[in-house]
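# Coordinates in review
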Amino acid sequence: MIKVTYLDHSGFAVTTPEAVMVFDYYKDPDKKLEKVLREAPDKDVLFFVSHHHPDHFSTSIFELAQDRKRTYILSNDIFSRLVPEKGLSVAWMSPGDVIDQIPGTSKVKAFKSTDVGVAYAITLPDGKVIFHAGDLNDWHWGQMSSPHDAHKAEKAFITIIDRIAEEYPKVDIAMFPVDARMGQDFARGANIFLEKVKVANFFPMHFWGEPQKACDFSTYVPAGSDTKCYCLDQAGMEAEV
């Protein structure tokens, strides 16, 4: 069993049989991470940060879980001066990097983003795959983007997704942006991702205050898909998969 706890925005705590994985923590208004850690007192804690944007990264993560064995997996766009020099186990990752020595995992691979930083594919010891997209998405902004720019952005996005699909045709848990600020194309990236990668359990994120759109899965999950979708639309909500 794996438990997924929504912290806020793109932040999740994912409790696996081996570890607690914390993704893109920047705030936790319900103080749910404290509860997650209390419920898993013997597990290593892995902090994954996809990039430096302040809605995905807070230096407060270096003060959390100090009584536990911690590993920080950080995108290389994060300034090293923000990371304590001593007492922490830190793995820096750039697109294409693979690490097979992170506790609680058999492999971690970083993929290029269409914004800054990386997306993470984490293979667990039992072979299950967890994917956190960070800010990887088909970003374009309606009338603010010309047709040429929108086409160029989508082409770059599909190139990355095709590469992910080639290496990870099946993903057990995926956390992916569904950003309502993009207007009618708010879930186009998620739709493309779900068409190309067979996802067992899908968690939308990066709502920017409009979770009702992100949770209207009928508007973008491919017809006939076996994907189970979860609407964790309030900080502190949990699901078991």
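This text gives an overview of the structure that appears in the document. (Residues numbered from 1 in each chain as written. Predicted model: local features only at pLDDT ≥ 70, side-chain atom pairs only at ≥ 80, totals over all residues. Heavy atoms only, no water.)

## Re the overall build of the chain
Helices and strands together make up the secondary structure of the chain, namely four helices and 14 strands. Taking 241 residues into account, the globule formula puts the C-alpha radius of gyration at 18 Å, and the chain, at 17 Å, falls close to it. When the 241 residues of the chain are sorted by exposure, 54% land in the buried category. Taking the contacts inside the chain whose residues are at least 6 apart along the sequence as the reference set, 61% of them involve residues at least 24 apart. Counting every atom, the chain has about 10900 Å² of accessible surface; 48% of that belongs to carbon and sulfur. The positive charge centre, built from 26 side chains, and the negative charge centre, built from 35, are 2 Å apart in the chain. (Helix = DSSP H or I, 4+ residues; strand = E, 2+ residues; numbered from the N terminus. Rg over C-alpha atoms; globule rule 2.2 N^0.38 Å. Buried < 20%, exposed > 50% of the residue type's maximum accessible area, 1.4 Å probe, protein only. Contact = heavy atoms within 4.5 Å. Areas by Shrake-Rupley, 256 points an atom, 1.4 Å probe, with all protein chains shown as cover. Lys, Arg positive; Asp, Glu negative; His and termini not counted. Charge placed at Lys NZ, Arg CZ, Asp CG, Glu CD.)

## A short note on the state of the cysteines
A covalent bond between the sulfur atoms of two cysteines is what we call a disulfide. Applying the stated criterion to the full structure yields one disulfide. Note on cysteine connectivity: Cys-215 is disulfide-linked to Cys-231, with sulfurs 2.1 Å apart. Its S-S torsion of about 90° marks the bond between Cys-215 and Cys-231 as right-handed, since a negative value means left-handed. With Cys-215 in the loop between helix H4 (211-214) and strand S13 (228-229) and Cys-231 in the loop between S13 and strand S14 (238-240), this residue pair connects regions lying 16 residues apart in the sequence. Note on Cys-215: relative accessible area 17%, which makes it buried. According to the relative accessible area criterion, Cys-231 is partly exposed, its value standing at 29%. Cysteine Cys-229 is unpaired, with the sulfur of Cys-215 as its nearest cysteine sulfur at 9.4 Å. (Disulfide = S-S within 2.5 Å.)

## Describing the packing of aromatic side chains
With the rule as written, the count across this model stands at 16 aromatic pairs. Between Phe-48 and Tyr-120 the ring centres are 5.2 Å apart and the planes differ by 65°, which places this aromatic pair in the edge-to-face class. One end of the pair, Phe-48, is in strand S4 (residues 44-49); the other, Tyr-120, is in strand S9 (residues 118-123), and 72 residues separate them in sequence. Overall, the relative accessible area of 1% leaves Tyr-120 in the buried class. (Phe/Tyr/Trp six-rings, centres within 6.5 Å; stacked < 30°, edge-to-face > 60°.)

## A short note on the sheet that holds strand S10 (residues 129-132)
The strand order S7-S8-S9-S10-S11-S12-S13 describes an open sheet built from seven strands, whose pairing is mixed. Of all the strands in the sheet, just strand S7 (98-99) and S13 have a single pairing partner and so form its edges. The pairing of S9 with S10 spans four bridges and is classified as antiparallel. When the bridges of S10 are listed, Ile-122 appears paired with Ile-130. Relative to strand S8 (residues 107-112), helix H2 (residues 147-167) is tilted by about 160°, and along the sheet it contacts S8, S10 and strand S11 (170-177). (Pairing = 2+ DSSP bridges. Axes fitted to C-alpha atoms, helices over the stretch in contact; angles between N-to-C directions.)

## A short note on the pattern of salt bridges
This structure, assessed with the given rule, holds twelve salt bridges. For Lys-35, the salt bridge identified is with Glu-39, shortest N-O distance 2.4 Å. Of the two residues, Lys-35 and Glu-39 both sit in helix H1 (residues 32-39), four residues apart, roughly one turn of that helix. With relative accessibility at 43%, the residue Glu-39 sits in the partly exposed group. Salt bridges here are not isolated pairs; linked through shared partners, they connect Lys-3, Lys-35, Glu-39 and Glu-238. (Salt bridge = Lys/Arg side-chain N within 4 Å of Asp/Glu carboxyl O.)

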